[in-house]
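# Report on the structure
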Amino acid sequence: MSIDTTNIQDQICRLKHSVNKNFTDINKRFSEIEAIVKEEIKIIESYKNKGESVIPEIIFSDILKNKVDNKTVQLLRRHGAVVIRNVFPRKKSEKWYNQLYSYLGQNGYYEQNDPGLDNYFSDLKSDKPQICSVYWSKSQVQARQSIEMSKTKSFLNHIWNYKRKNTKYFDPDRECTYADRVRMRQPGDTSLGLSPHVDGGSIERWLGKNYQNVYRPLFQGNWKDYNPFNGEYRTEVEGIDSPAVCRAFRTWQGWTALTQQGPEDGTLQLIPTVNSISYVLLRPFMKDVPEEILCGAVEGRAQAITEEWHSLLLRGLVSIPRVEPGDTVWWHSDLVHAVEHEHKGKDVSSVIYIGCTPFCERNLQFLERQKQTFLDGRSSPDFAPEDFEKNYPDRSTMEDLNELGMKQMGFSNW
Ligand SMILES: [Fe+2]
């Protein structure tokens, strides 16, 4: 599932020729997408101007009671993002925060060399990151394998089309663990900003055969047929190996708040419209773009969203609303996101990164690579091999995995 990285510029030119040849009214179609996106951005701006959040919210207990109304689900599908509140009780989340704080402090995390984020983000970061490269603290493992997290992910995975007839692209009710890191951002910090970007690669979206299948309606001119929640081909998309590229299949990216945090606290920002990816994908075919350029796409890097090519989209960048410990935030794997450049608040803003990585062949293969890193206390295989936790005596071990955790980690069968 990788693509040919030789002569990328030639490949881009060939692709543009072929799309332009078969898709003669591409300018007209792009204008239609632009008009739709403009409307979406206007709505986002109107909420922003009123000081309200456009991102839909759900109370976790409504998921348990199967009481989430259709209107909210429609908003979730439209914006590609949601805040799910009270997934964990405040006390539990605060305990996780304290546990994590001690874990990092007592094991001397801050005295180690922090090599920072890798090249994948090197054009995006403002300075030294405040993300801690730990994967196996008790707090992280407990949050990942909790029943609350499992119910939340199951709800979110069901938003996707996960099967057609007898073919199941993934199983929405079973999860594979994808070990990610934590954010512990200090107040006053001006160092972690990430410019707007989309994860899941950049040039791959145009040049990869399976990615082309995912976006086929867009490249063939019937953009209205494109369904951002169609799981077909998604579990097989190509990736160029890079230390921070996610090699698992994610339906949603997400995090769980361990502390209270809101706008200006150095938090997440989103451009909450799922149509943005249609705009991004067709933008390079417009006449003002040089032939060999894919507008913000650079091999081995996240897809950058820039003032030069995507100024319309950037008007819709909003910070997520204030969240409390135990709330979770989720965004579609194609959604544009960023991190505020400055933490102007008073308290540490802390999250555990936990996205949705449902059961499928691709994620099972990932588990096989991840298992041993857990047993050895090494970094998750998708990240730079810093292996800080190897000598942390209080990191999680097999004894800390519950029945669900054993299955999600691939140590026992479902
Ligand atoms: Fe990202």
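Keep in mind it's a predicted model, so treat the numbers as computed, not measured. (Residues numbered from 1 in each chain as written. Predicted model: local features only at pLDDT ≥ 70, side-chain atom pairs only at ≥ 80, totals over all residues.)

The helix and strand inventory of the chain stands at 14 helices and 16 strands. The globule rule puts the C-alpha radius of gyration for 414 residues at 22 Å, and the 21 Å found for the chain is close to it. Considering only C-alpha atoms, the chain reaches an extent of 60 × 45 × 45 Å along its principal axes. Sorting the 414 residues of the chain into buried and exposed places 46% on the buried side. Within the chain, contacts between residues separated by at least 24 positions form 85% of all contacts whose residues are at least 6 apart in sequence. (Helix = DSSP H or I, 4+ residues; strand = E, 2+ residues; numbered from the N terminus. Rg over C-alpha atoms; globule rule 2.2 N^0.38 Å. Buried ≥ 20, exposed ≤ 12 C-beta atoms within 10 Å, placed from the backbone. Contact = placed C-beta atoms within 7 Å.)

Right, let's talk about the nonpolar core for a bit. Among the nonpolar cores identified, the biggest contains 90 residues, and Leu270 and Trp330 are the most heavily contacted of them. Of all the elements, helix 11 (residues 276-282) adds the most residues to this core, at 5 residues. Residues in contact with leucine 270, not counting those within four places in the same chain, are Ile55, Ala81, Val318, Ile320, Trp331, Leu335, Val336 and His337. In this structure, Trp206, Leu294, Cys295 and Trp309 belong to the second largest nonpolar core, which totals 9 residues. (Core = buried A, V, L, I, M, F, W, Y, C linked by C-beta atoms within 7 Å.)

Let us look at the sheet that holds strand 11 (residues 303-304). Here we have 5 strands laid out as an open sheet, ordered 11-8-14-10-12, and antiparallel in their pairing. Whereas interior strands pair on both sides, the edge strands pair on one side only; in this sheet they are strand 11 and strand 12 (318-319). Strand direction decides the pairing type here: strand 10 (residues 268-270) and strand 12, joined by 2 bridges, are antiparallel. Of the residues in strand 12, the one forming a bridge with glutamine 269 is serine 319. (Pairing = 2+ DSSP bridges.)

The buried count for strand 13 (residues 328-332) comes to 5 of 5 residues, which makes it a mostly enclosed element. Burial of strand 13 is two-sided: the residues Thr328, Trp330 and His332 facing one way and the residues Val329 and Trp331 facing the other way are all buried. The pairing of strand 2 (residues 81-85) with strand 13 spans 4 bridges and is antiparallel. Residue pairing for strand 13: valine 82 is matched across the bridge by tryptophan 330. In this structure, strand 9 (residues 252-257) lies alongside strand 13, joined through 5 bridges in antiparallel fashion. Each residue of the ladder has a partner; that of glycine 254, found in strand 13, is tryptophan 330.

The subject of this paragraph is helix 1 (residues 8-22). Given a rise of 1.5 Å per residue, 15 residues ought to cover 21 Å, and the 21 Å separating the end C-alpha atoms of helix 1 matches this to within 8%. For helix 1, a buried count of 1 out of 15 residues is recorded, marking the element as mostly open to its surroundings. (Expected span 1.5 Å × (residues − 1).)

Moving on, we get to the confidence of the model for the chain. Per-chain confidence: the chain averages 92 in pLDDT, with 95% of residues scoring 70 or above. Counted against residues more than four places away or in other chains, residues 116-128, with its pLDDT under 50, gives 34 contacts. (pLDDT = per-residue confidence, 0-100.)

Turning our eyes to something else, we now look at unusual backbone geometry. The phi torsion at lysine 165 lies on the positive side, around 50°, for a residue other than glycine. Residue placement: lysine 165 occurs in the loop between strand 4 (163-164) and strand 5 (167-168). Taking the C-beta count within 10 Å as the criterion, lysine 165 has 5 such neighbours and is therefore assigned exposed. Of note, cysteine 295 is a non-glycine position whose phi angle comes to about 50°, a positive value. Note on placement: cysteine 295 falls in the loop between helix 11 and strand 11. When the 21 C-beta atoms within 10 Å are taken as the criterion, cysteine 295 is described as buried.

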